[in-house]
Amino acid sequence: MHVRILFIVAALLPLAAAFLPTPQGLGRVQRLPSAHAATSPRSAPLQLRATLDAIFFDCDGVLADTERDGHRIAFNMAFKEFGLKVGDNDMEWGEELYGKLCEIGGGKERMMGYWQQIGWPGGDWDLAVDLHKRKTQLFQELVDTGKIPLRPGVDKLITEALDNNVRVAVCSTSNEKAVQKIVDLLGPEKSSQIKIFAGDCVPRKKPSPDIYNLAREDYQVRPEDVVVIEDSGIGLAAAKAAEMSCVVTMSTYTRNDDFSEADHIVDDLVSGDVDLTTIEGLATSTQWEDWGVDRDIMTPESEGDAGSLDMIAGVGFVCLQWRNAVTCWQVLSRARKCCHVLAGA
C-alpha cells in the first residue's frame, strides 16, 4: 500500500509539471467529492483551498519610485535649510551614495548611519528627528507637484484586489504622512480602504518582520494567505521572516539586491504581467484539516484505506486543473512528505 502511494505521487510530479507552463490562471479551488465516499466511511471529502486574504505593499519603490527623485531630493533640501556642511561643502547625497544608504531602513536611521560612516561630529538623534520632520514636509510638497507618479500596474492591481474583497495594506519604514501622500494618488475611494503601517509603529524596522506581523495581526489573517510586494533586499527579508510569499518589483536602487528568496521577480507589474490571479497563485494556504490527513495518511491505522489513494489522486487532479506551477509543486511536495511519514511509520 505504501509503495503504491509513493508510486502515484512520483508519477504525478512530472505529469503535473508538463501541464503547468506559467504561473497564470489560478482560480479558487472548490471541494472535490471523494471517489470512494459511498464505499469507504473513513475517507473524508477533499478540499484544497488556496486563498488570498490580503496584499501588503511596500511604499517607496513599489507604489512609486520615490527614492531617487523624491526622498533624496527632500533630504538634500532639508540639509541645505539646516545649513549642514561636510568640511567646506554642503552636505548632499548624490544618486550613487543614496543608493547605498537605502540599504538602511528608515530615514532617521539612514542619517545616523551616514553620519557615523563619515565621522561627522554634529549628528545626533534629536537633529535627525528635526531634519526628518522637515524632510517629510518637503517630500509631501514634491508629491503635490505631480512629479512622482504611481508605478505601472499599481492602481490596476489594487483596484482588482479591492473589487474582489482582498484587503490591501501599505507597510513602510517611511513616515506615515509621506506614505499617505503616495497612497492618496490612488484617489479617495481606494485610499480610504487601505490601512497604512509606517514609520515608528514598530520598534524594529525592515529587515525585521515586525511591520508585516503587525499588519497581519491587525487584519487577522494567516501569513500563508498574504502576499507581499517589495522592491528591496531588506524588504524581501522582512516578508520572508514573516513567513509570507513575496513578489519583487525591482526599482532604481535595488536591481543588484539579492532576490534569490523571492517567489516572483519582475521589472514592474505591467511588464511582468502580474494581476490578481498571479498574486493569488502565490498564496498557497493549505488547510490540512479538510484533507482528512489525520484519518487517511498520517495515522498507521489508515493503512489499506482507499482514502489515501483518493487524496493523492485528488491532489493530482487539482494540480492539472489549477495550471499553476508554483502552487502545484508545493502541494505535491507536501503530499510526498506525508506519504514518506506513512511509509516510515
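Residues numbered from 1 in each chain as written. Predicted model: local features only at pLDDT ≥ 70, side-chain atom pairs only at ≥ 80, totals over all residues. Heavy atoms only, no water.

Participant: Is there a simple way to explain the nonpolar core in this structure?
Facilitator: One recurring pattern in soluble globular proteins is that nonpolar side chains are buried together. Of all hydrophobic cores here, the largest spans 57 residues; its most connected members are I55, F57, L63, W115, V170 and I279. With seven residues, the single largest contributor to this core is helix 5 (residues 125–144). Leaving out residues up to four positions away in the same chain, F57 has contacts with V62, L63, L157, I158, V168, A169, V170, C171 and I229. Ranked by size, the runner-up nonpolar core spans 23 residues in total, among them A169, C171, A242 and A262. (Core = buried A, V, L, I, M, F, W, Y, C linked by side-chain atoms within 4.5 Å. Buried < 20%, exposed > 50% of the residue type's maximum accessible area, 1.4 Å probe, protein only. Helix = DSSP H or I, 4+ residues; strand = E, 2+ residues; numbered from the N terminus. Contact = heavy atoms within 4.5 Å.)

Participant: Just checking my understanding: could you explain the sheet that holds strand 4 (residues 167–172) for this structure?
Facilitator: Backbone hydrogen bonds hold the strands of a sheet together, and the pairing may be parallel or antiparallel. The six strands are arranged 5-4-1-6-7-8 in an open sheet whose pairing can be described as parallel. Either end of the sheet is taken by a strand with one partner, and the two such strands are strand 5 (195–198) and strand 8 (264–266). The sheet shows a mean angle of 20 degrees between the axes of neighbouring strands, taken without regard to direction. Looking at chain direction, strand 6 (residues 226–230) and strand 7 (residues 245–249) are connected through four bridges and run parallel. Its bridge partner being in strand 7, E230 is matched across the sheet by V248. In the packing of helix 7 (residues 176–183) onto the sheet, the strands contacted are strand 4 and strand 5, and the crossing angle to strand 5 comes to about 145 degrees. (Pairing = 2+ DSSP bridges. Axes fitted to C-alpha atoms, helices over the stretch in contact; angles between N-to-C directions.)

Participant: Help me out: how do you make sense of helix 10 (residues 233–241) in this one?
Facilitator: Residues that lie three or four places apart on an α-helix share one face, since the helix turns once every 3.6 residues. Taken residue by residue, helix 10 has G233, G235, L236, A238 and A239 as its buried positions. Residues of helix 10 that are buried make contact with helix 9 (210–219), strand 6 and strand 7. E243 occupies a position one or two residues after helix 10 and carries a positive phi of about 65 degrees.

Participant: Help me understand helix 7 in this model?
Facilitator: Within helix 7 the residues assigned to the buried category are A178, V179, I182 and V183. Along the axis of helix 7, the buried positions cluster into a sector of 140 degrees, meaning they face one direction only. Check the buried side of helix 7 and you find it contacts helix 2 (67–81), helix 5, strand 4, helix 8 (188–191) and strand 5. (Arc of directions from axis to C-beta.)

Participant: For this particular structure, what's the right way to read unusual backbone geometry?
Facilitator: Generally, phi is negative for residues other than glycine and the peptide bonds are trans, each holding for most cases. A cis amide bond links K206 to the next residue, P207, at an omega of 15 degrees. Tracing the backbone through its elements, the reader meets P207 in the loop between strand 5 and helix 9. At N165, a position not held by glycine, the phi torsion is positive, near 60 degrees. Residue N165 is classed as exposed on the basis of its relative accessible area, which comes to 70%. The residue E243 is not glycine, and still its phi comes out positive at about 65 degrees. The residue E243 is located in the loop between helix 10 and strand 7 in this model.

Participant: It is not clear to me how the packing of aromatic side chains should be interpreted in this structure. Could you clarify?
Facilitator: We describe a pair of aromatic rings using the distance from one ring centre to the other and the angle between the two ring planes. Scanning the entire structure with this criterion turns up 11 aromatic pairs. Each ring, one from F75 and one from F79, has its centre 6.2 Å from the other, and the planes form 35 degrees; the classification is tilted. Of this pair, F75 and F79 are both found in helix 2, four residues apart, which corresponds to roughly one turn of the helix. As far as the burial class goes, F75 and F79 line up, both buried. Positioned above the aromatic ring of F139, the side-chain terminus of K135 is 5.5 Å from the ring centre. (Phe/Tyr/Trp six-rings, centres within 6.5 Å; stacked < 30°, edge-to-face > 60°. Lys NZ or Arg CZ within 6 Å of the ring centre and 35° of its normal.)

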